[in-house]
Amino acid sequence: MYLVLGRMNPESPQAAELSRLAEEHSYDLSDACEGYELEYTALYHLCQEYAGFTLEDVAPHSLATIRQDPAWQITAVRRTGAFADELIFTNEDLIGDSSTTGGLSDAHFHGAARTGHHQRWDRFISRVQLALAGNESWSIIVTGWLEEIASDGHEVEVSIDIFNPCDLVSAFAFGWPDQLDAYLPRLQVVANAEGKRRTLEGCLVSARIFRSVFLAFDLAYGDPQTWWIERAYGKAWRSDLDFLGELGLRYAVFEWGEKDESGAVLEYEDNQLLRRPAEKNDRRRAVLARLRAGTRTCNEEPT
């Protein structure tokens, strides 16, 4: 499968040959978009040449389906023009952008960049902020932390993995009972500079004793139909904060480094990052157990 992005050069010999073939074989160019007649002619010729197999319309999710199919493997990315710079547009980024609706995902991002390559770093930051949209707690801390990294004066390589659906209900709807942790929001950032490593981990933590999951859902959404409608229109994140509040959960970010193996909790106050020692009784580990216990406080089965 080839994905081609580009324009035809009207002065090239190939353009002249295409025009000759179009006239000779009476290509039907009536559907060509204005200003893109030559590109449409090339597409028409390609389809004529390779008519030995079935051609079908595809969408970004079609490439995503192939990526998830173990029978297929992407072996090469063809690039030209603005996409020739592999530092700014890595193969992984191009494939990922091409297999998500609209080219960008606002829930999941996996990428890496070096602070010394400014164009690549700026694009990296914008992707991180997009993926963290709707989650102010993580967004403001991670943005501040990355700014701190970039101003350190050393060349730093940062890799990040974000899953920020802002829809905890989906974890129960699709992950119950054994895959719950796979659907929980997560954040992992690793920064390497001169052999030194710093790590961030974001997750949900238990802030207090909370209500049962069923009661919390009723208070936040009212009924399953309301949640489903909000999810379908991309607005579930608005009520998700209420749902988390009723469950007694909040988003938190922890940091580890070679000098602080015990870890610290990051907070953002007065336009600056603050660090305080992580509690010995790390409440992060209790979140899954408490969520499962919360669903058992009612005799109903989770639906």
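Residues numbered from 1 in each chain as written. Predicted model: local features only at pLDDT ≥ 70, side-chain atom pairs only at ≥ 80, totals over all residues. Heavy atoms only, no water.

S.K.: Just checking my understanding: could you explain the overall build of the chain for this structure?
M.R.: Looking only at helices and strands, one finds eleven helices and seven strands in the chain. Within the span of the chain, comprising 303 residues, buried residues form 36% of the whole. Approximately 19100 Å² of the chain is accessible, and the part contributed by carbon and sulfur atoms is 51%. (Helix = DSSP H or I, 4+ residues; strand = E, 2+ residues; numbered from the N terminus. Buried < 20%, exposed > 50% of the residue type's maximum accessible area, 1.4 Å probe, protein only. Areas by Shrake-Rupley, 256 points an atom, 1.4 Å probe, with all protein chains shown as cover.)

S.K.: Can you help me understand the nonpolar core in this one?
M.R.: Burial of nonpolar side chains together is a common tendency in soluble globular proteins. Residues F124, L168 and F243 are the most contacted members of the largest nonpolar core, which totals 45 residues. If we ignore the near neighbours within four places in the chain, the residues touching F124 are F109, G111, A112, A113, L146, V158 and I160. C203, V205, A252 and V265 belong to the second-largest nonpolar core, a separate cluster that totals five residues. (Core = buried A, V, L, I, M, F, W, Y, C linked by side-chain atoms within 4.5 Å. Contact = heavy atoms within 4.5 Å.)

S.K.: Would you mind showing me how to read the packing of aromatic side chains here?
M.R.: What describes a pair of aromatic rings is the distance from one ring centre to the other and the angle between the planes of the rings. Enumeration over the complete set of coordinates arrives at twelve aromatic pairs. Among the aromatic residues, ring-to-ring pairing joins F109, W121 and F124 into one connected group. (Phe/Tyr/Trp six-rings, centres within 6.5 Å; stacked < 30°, edge-to-face > 60°.)

S.K.: Got a minute to help me understand the confidence of the model for the chain in this structure?
M.R.: Low pLDDT marks stretches whose predicted atomic positions should not be read closely. When pLDDT is averaged along the chain, the result is 81, and 82% of the positions lie at 70 or above. Per-element mean pLDDT across the chain ranges from 52 in helix α11 (residues 287-295) up to 93 in helix α6 (residues 136-150). Here residues 281-286 is modelled with pLDDT under 50, and outside its nearest four sequence neighbours on either side it reaches ten contacts, counting other chains as well. In the predicted structure, residues 295-303 sits below a pLDDT of 50 and forms ten contacts with residues beyond four places in sequence or in another chain. (pLDDT = per-residue confidence, 0-100.)

S.K.: Would you mind going over the pattern of salt bridges with me for this structure?
M.R.: Any two side chains of opposite charge can pair if their charged atoms end up close together. Scanning the model with the defined rule gives eleven salt bridges in all. A salt bridge links R198 to E148; the shortest N-O distance between them is 3.0 Å. Placement of the pair is R198 in strand β4 (residues 196-206) and E148 in helix α6, with a sequence separation of 50 residues. Measuring nitrogen to oxygen at the nearest pair gives 3.2 Å for the salt bridge that ties R231 to D167. Within this pair, whereas R231 is found in helix α9 (residues 224-232), its partner D167 is found in the loop between β2 (157-163) and α7 (169-175), the two being separated by 64 residues in sequence. On the basis of relative accessibility, which here comes to 6%, the residue D167 falls in the buried class. One network of salt bridges, with partners in common, ties together E148, R198, E255 and R275. (Salt bridge = Lys/Arg side-chain N within 4 Å of Asp/Glu carboxyl O.)

S.K.: Would you mind showing me how to read the packing of helix α8 (residues 213-220) against helix α10 (residues 236-247) here?
M.R.: Working note: a packed helix pair is described by the angle between its axes plus the distance between those axes. At a minimum axis separation of 9 Å, α8 and α10 run at an interaxial angle of 145°. Note that α8 runs across α10; the crossing there is right-handed. Mapping the contact onto sequence places V213, A216, F217, L219 and A220 in α8 and S239, D242, F243, E246 and L247 in α10. Taken together, the residues of the contact of α8 with α10 sort by class into seven nonpolar, one polar and two charged. (Axes fitted to C-alpha atoms, helices over the stretch in contact; angles between N-to-C directions. Left-handed = near helix turned anticlockwise from the far one by under 90°. Nonpolar A, V, L, I, M, F, W, Y, C, P; charged D, E, K, R; others polar.)

S.K.: I tried to follow the environment of R7 on my own but got confused; where do I start?
M.R.: Along the chain, the position of R7 falls in the segment before α1 (13-24). Classification of R7 as exposed rests on a relative accessible area of 54%. Note: C-alpha distance between R7 and L38 (31 residues apart in sequence) is 8.5 Å. The residues contacting R7, other than those within four sequence positions of it, are G35, Y36 and E39.

S.K.: Explanation requested: helix α5 (residues 118-131) in the structure shown.
M.R.: For α5, which comprises 14 residues, the first-to-last C-alpha distance of 20 Å matches the rise-based estimate of 20 Å (1.5 Å per residue) to within 8%. Within α5, burial applies to R120, W121, R123, F124, I125, R127, V128 and A131. Buried-residue contacts for α5 involve α4 (91-98), β1 (108-114), α6 and β2. (Expected span 1.5 Å × (residues − 1).)

S.K.: Explanation requested: the environment of A107 in the structure shown.
M.R.: Relative to the elements of secondary structure, A107 occurs in the loop between α4 and β1. Apart from the residues lying within four places of it in its own chain, the contact partners of A107 are A131, I162, F163, N164 and P165.

S.K.: Teacher, can you tell me more about the packing of α5 against α6 here?
M.R.: Orientation of α5 relative to α6, taken along the N-to-C sense of each, is 165°, at an axis distance of 11 Å. The angle between α5 and α6 places the two elements in the roughly antiparallel class. Where α5 crosses over α6, the two elements pack in a sense that is right-handed. Counted together, W121, F124, I125, V128 and Q129 of α5 and V142, T143, L146 and A150 of α6 form the full contact between these two elements. Across the contact of α5 with α6, the residue classes break down as seven nonpolar, two polar and no charged. (Parallel < 35°, antiparallel > 145°, perpendicular 65-115°, else oblique.)

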